[in-house]
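So you can see what is in the structure, the chains are spelled out below.
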Amino acid sequence: MNARPTIRLGVTLAALASPALAAAGPASAATLKGVFNIGSGSYFRMGEPDGSFFSNPYSADSSKTYTLITPGSEGGLRTGVVQKAPSPAFDAKGDSRAGAIIKPTNFTGIRFGLATTSAPAISVSGSHLSGQVNGLVAEWNKQVFKQGNKVTGTYSAKTRRYVLTWSALIKGGPFNGFTGYWRLQGTFSPA
Amino acid sequence: MPAERPKRWPLVALAVIGLALIAAPFAFGMFGRAPKGAQMINSFAPYMTNRRLDGFQSDLRYIDGGVLGGQAELRALGAAGGGREAVRFPEFVTFERQWRAIDPDMTSMLDTIQANVGNYRAVAALPSFRLFPWFFVIPGAIVLLLVGLGWLRPGRWRATRWVLAVVGVGLVLAPVAFQMFSRAPKGARMVSAFTTIETRPRVERIQIYFSEIASGQGTVQLDLIPALGRAGLDARQISSTYPGLTTLDAQWVHILNDMTPMIGAMSDNVTNYQAVAALPSFRLFPWFFVLPGLIIIALVAAAGPRRRRDEASVARDPEFSSPLNEGVR
């Protein structure tokens, strides 16, 4: 029996069916590898256990519960790679020296920085961003606070503008029970 | 020579004591709680010194000085500006009000902690809490083992009872060696004193205080001191007229460095403290060793050597009479 016509028929049917399947199902997610550059409007907020927000008098924002963050030496958050904190991580005062993701920012008189202990992974599906920044840590006053979690957001493939948000409950330490709320926005630069 | 056999009932009682010693740590949840106690003792070590606690009291005085300085500034600026200064510095006015509650509460808390430095030292000088369950289990297991040996190999009872007696004496002496009679009650006093401190609501209140103090310091540095500059005072005049403001400003990073780890230690040890507080009172701990020890000694004495009737009857046989079994008659 000659199998060639059968194979040809199968390949043709599969080729015809695949666009239809793609249209019927959800758009496939594509991994975004590169830098989520931190732009204007990015911030950190700290929620207190009673539901109010920590007021940072040194915030540049008019509402002191929003601590505005600006890009660090690497422009922002890199996916697919780890952005480690330098060693030593702090100066004598307790200011963070982790300046790759954000420029260390004054929080109550001492600067905090961000670093990652594992590579963030973020993918886009249509205009929807999802992924994780599980290894994200905030470093402040000679202390390290885990601030990683799953992230969600939006992305425009045309303009490469993005918004990423997540929150992370602080467990242990002086801010135990507080929640960090993060919003990064700006443009994405593919690697 | 006739074999010395232990009496049966003291052996049974000794076995019960051995089992009780093994069971006690499980009954009191010591394997879970004692390591938490050890963790708490270690975590508190950097803070439970008079030097460090004096430092915290100084931190409170710096903040209080800042508040007093701010009040003086508002009075002075108010006199010059028609009394509207409070409106210009609402954050400071809010902080001033909050400080009235924070200061006595924090001072009282630090006083309580400081009053327990000696008690803490006494507890910290005890062997690690992690070992405590084993201080019961190991003697208990040894007692059980020796009772089993006494039961199965009665011929060796003389040696076995000596080892049992040593275990009993060891239990009696252990609290003396570790100075438990003086240290354990101090530990009990510390646990009792911290009842109102190491609670989640109290720690959360301290965290909120920290947030309020941070906000207050911010208004001192960012609002009050610049306002004095705008009123025509240079840095030296501000420092000499309002030393409380400039001292708080200068000491703020030190206060942050000092206080946040302490708040962290307090917060991280709430569950550890609860575990320690759930243990039986520390006052009882020496007796948990002494009483079983005394009972073991008494039972070993009561177990005594008992000679088997058949051996005794053999001994009474004139054919077997010898100077060695004279005492049996």
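To be clear, the structure that these remarks concern was listed above.
Residues numbered from 1 in each chain as written. Chains lettered and ligands numbered in written order. Predicted model: local features only at pLDDT ≥ 70, side-chain atom pairs only at ≥ 80, totals over all residues.

As for unusual backbone geometry
Residue and element names in this part refer to chain A. Along the chain, Ser 87 connects to Pro 88 via a cis peptide bond; the corresponding omega equals 0°. Relative to the helices and strands, Pro 88 resides in the loop between strand S5 (76-78) and strand S6 (105-107). The phi torsion at Asn 141 lies on the positive side, around 55°, for a residue other than glycine. (Helix = DSSP H or I, 4+ residues; strand = E, 2+ residues; numbered from the N terminus.)

A few points about the pairing of strand S12 (residues 150-155) of chain A
Within a regular strand, side chains alternate between the sheet's two faces. Residues and elements named next belong to chain A. Of the two faces of S12, the one lined by Val 151, Gly 153 and Tyr 155 is fully buried and the one lined by Lys 150, Thr 152 and Thr 154 carries no buried residue. With five bridges joining them, strand S9 (residues 128-132) and S12 adopt antiparallel strand pairing. Across the sheet, Gly 131 pairs through a bridge with Val 151, a residue of S12. When S12 meets strand S13 (residues 161-169), the two strands line up antiparallel, connected through four bridges. Across the sheet, residue Tyr 155 finds its bridge partner in S13, namely Tyr 162. (Buried ≥ 20, exposed ≤ 12 C-beta atoms within 10 Å, placed from the backbone. Pairing = 2+ DSSP bridges.)

Considering the interface of chain A and chain B
Between chain A and chain B, the contact holds 19 residues from the first and 20 residues from the second. The class makeup of the residues in the side of chain A that touches chain B is seven nonpolar, 10 polar and two charged. (Contact = placed C-beta atoms within 7 Å. Nonpolar A, V, L, I, M, F, W, Y, C, P; charged D, E, K, R; others polar.)

Structural notes on helix H12 (residues 243-268) of chain B
Helical geometry note: an α-helix holds 3.6 residues per turn, so side chains three or four residues apart project in the same direction. The terminal C-alpha atoms of H12(B), which comprises 26 residues, lie 36 Å apart, in line with the 38 Å expected from a rise of 1.5 Å per residue. The largest bend in H12(B) is about 50°, located at Gln251(B). (Expected span 1.5 Å × (residues − 1). Bend = angle between axes of the 7 residues up to and from the residue.)

Description of the sheet that holds strand S7 (residues 110-116) of chain A
Residues and elements named next belong to chain A. An order of S6-S7-S10-S11 is seen for the four strands of this open sheet, with the pairing classed as antiparallel. In this open sheet, the two edge strands, each paired with only one partner strand, are S6 and strand S11 (143-146). Within the sheet, the average angular offset between the axes of one strand and its neighbour, ignoring direction, is 35°. Here S7 runs beside strand S10 (residues 136-140); their pairing, made up of four bridges, is antiparallel. Counted as the bridge partner of Thr 116 is Leu 136 from S10. (Axes fitted to C-alpha atoms, helices over the stretch in contact; angles between N-to-C directions.)

Function-wise, these values are silent; they only describe arrangement.
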